[in-house]
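Observations on the three-dimensional arrangement
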Amino acid sequence: MPLKENCPPRQQPDKKSKNSSNDAFELWLKRGLHQLFDDVANEPVPDELLRLIENDRERKK
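No experiment lies behind these values; they were computed from the predicted model shown.

**Quick word on the overall build of the chain**
The helix and strand tally for the chain stands at 3 helices and 0 strands. Along its sequence from the N terminus, the chain presents helices and strands in the succession α-α-α. Out of the 61 residues belonging to the chain, those deemed buried represent 0%.

Printed below as a string of structure tokens:
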């Protein structure tokens, strides 16, 4: 017996509350990710990594 037949139909929340909860989650996620990773993202790229990237570009030409 398919699983779908055993499950009651899901009720769809109204669009306004869904959007506001999505907006709140997106804001929380964005702030959390910035708090965790901004310092790392602002670090300079190591010279060795830049060399590897440049060598790869030249090799593909």
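**Side note on the pattern of salt bridges**
Counted by the stated rule, this structure contains 4 salt bridges. As a salt-bridge pair, Glu48 and Arg51 come within 2.4 Å of each other at their nearest N and O atoms. On the criterion of helical spacing, the pair formed by Glu48 and Arg51 is a turn pair, its members being 3 residues apart in helix H3 (residues 47–60). Residue Asp56 is joined to Lys60 by a salt bridge in which the shortest nitrogen-to-oxygen separation is 3.4 Å.

**Notes on the packing of aromatic side chains**
Taken as a whole and judged by the stated rule, the model has 1 aromatic pair. Residues Phe25 and Trp28 carry aromatic rings whose centres are separated by 5.7 Å and whose planes lie at 35° to one another, so their mutual orientation is tilted. Taken together, the residues span about one helical turn, with Phe25 and Trp28 both in helix H2 (residues 15–41) at a distance of 3 residues. For Phe25, a relative accessible area of 44% translates into the label partly exposed. Note on Trp28: relative accessible area 58%, which makes it exposed.

Definitions and limits used
Residues numbered from 1 in each chain as written. Predicted model: local features only at pLDDT ≥ 70, side-chain atom pairs only at ≥ 80, totals over all residues. Heavy atoms only, no water. Helix = DSSP H or I, 4+ residues; strand = E, 2+ residues; numbered from the N terminus. Buried < 20%, exposed > 50% of the residue type's maximum accessible area, 1.4 Å probe, protein only. Salt bridge = Lys/Arg side-chain N within 4 Å of Asp/Glu carboxyl O. Phe/Tyr/Trp six-rings, centres within 6.5 Å; stacked < 30°, edge-to-face > 60°.

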